[in-house]
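One letter stands for each residue in the lines below.
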Amino acid sequence: WKKNIPEEDLTLYKIFGEFDNVSAVEVYNAQVNDQYRAEWDRSVSSLYVVDNITNNREIVYWATKFPFPLKDRDYVFERTHAMSQEQITISSRSITHKAKPLFGNFVRVYKYGSKLAIRSQSSDLYEVCMCSVCFDSEQRYRQHRSKGGLLGWVVSGRARYHEKSISRALFC
């Protein structure tokens, strides 16, 4: 599910999924183990903890690769983790951090928020069984043409069919 809110320059996403033969804790670990995530997620350019605040709260830097003609994105966000008997929740929200000013050839995502709820079909979050996930996200990109911002229609699915025309229009 995707919803654009043009007057706020905001995009909302909601994703549902299910995994067989995995525990909720394994899904959680795959999400928060940044070294492992860089192995299975080919879009990761750089991902690491900038600052550990508590054992369930940290500041994270994440740089992602986007396909041409889009510019790569980077995020600085606070990530929190919570575990109850029913589910594991991972929440993230964008922040600014003095250790990670904007640099390089990235488009910084200044407004980002997400919540991942992981639930097990079993009452035991460690038991291997069917596991369901619900991911809510909001993103806002502050882009300027001089920094590689693209018009909304370029970002749509039609962009792959018109790559040469778009490149000429943007870079000529």
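Calculation criteria
- Residues numbered from 1 in each chain as written.
- Predicted model: local features only at pLDDT ≥ 70, side-chain atom pairs only at ≥ 80, totals over all residues.
- Heavy atoms only, no water.
- Buried < 20%, exposed > 50% of the residue type's maximum accessible area, 1.4 Å probe, protein only.
- Helix = DSSP H or I, 4+ residues; strand = E, 2+ residues; numbered from the N terminus.
- Pairing = 2+ DSSP bridges.
- Lys, Arg positive; Asp, Glu negative; His and termini not counted.
- Salt bridge = Lys/Arg side-chain N within 4 Å of Asp/Glu carboxyl O.
- pLDDT = per-residue confidence, 0-100.
- Contact = heavy atoms within 4.5 Å.

The element strand β7 (residues 107-120) is largely enclosed, with a buried count of 10 among its 14 residues. In terms of strand pairing, strand β5 (residues 73-83) meets β7 through 2 bridges, oriented parallel. For Asp74, the partnering residue across the bridge sits in β7 and is Arg108. Bridge analysis of strand β6 (residues 87-94) against β7 gives 7 bridges, and the strand direction is antiparallel. Bridging across to β7, Ser91 finds its partner in Lys115.

Our next topic: the pairing of β5. The side chains of a regular strand alternate between the sheet's two faces. With 8 of 11 residues buried, β5 lies mostly within the body of the structure. The sheet contact formed by strand β4 (residues 57-64) and β5 spans 8 bridges and is antiparallel. Bridging from a neighbouring strand, Glu58 pairs with Arg79 of β5. Direction of pairing for β5 relative to β6: antiparallel, over a ladder of 7 bridges. Its bridge partner lying in β6, Glu78 is registered against Arg93. The hairpin formed by β5 and β6 contains 3 residues between the paired strands.

Our focus in this paragraph is the side chain of Arg73. For Arg73, the location among the structural elements is in strand β5. Although buried, Arg73 forms no salt bridge, and the nearest oppositely charged side chain, Asp72, lies 7.0 Å from it.

Another aspect to go through is the environment of Gln85. Locating Gln85 in the fold gives a position in the loop between β5 and β6. Its relative accessible area of 67% is what places Gln85 among the exposed residues. Sequence separation of Gln85 and Ser120 is 35 residues, and the distance between their C-alpha atoms is 9.7 Å.

What follows is about the pattern of salt bridges. In this structure the tally under the stated criterion is 6 salt bridges. A salt bridge links Asp34 to Arg79; the shortest N-O distance between them is 3.2 Å. In this pair, Asp34 is assigned in helix α2 (residues 34-40) and Arg79 in strand β5, connecting sequence segments 45 residues apart. Residues Asp34 and Arg79 agree in their burial class; the two are buried.

Per-residue confidence for the protein averages 77 on the pLDDT scale, and 80% of its residues sit at or above 70. Of the regions scoring below 50 in pLDDT, residues 142-172 engages in 28 contacts with residues more than four places distant in sequence or in other chains.

Here we take up the side chain of Ser23. Summarising the element assignment, Ser23 is placed in the loop between β2 (10-22) and α1 (24-32). Here Ser23 is in contact with Leu125, Tyr126, Glu127, Val128 and Cys131, once residues within four sequence places are set aside.

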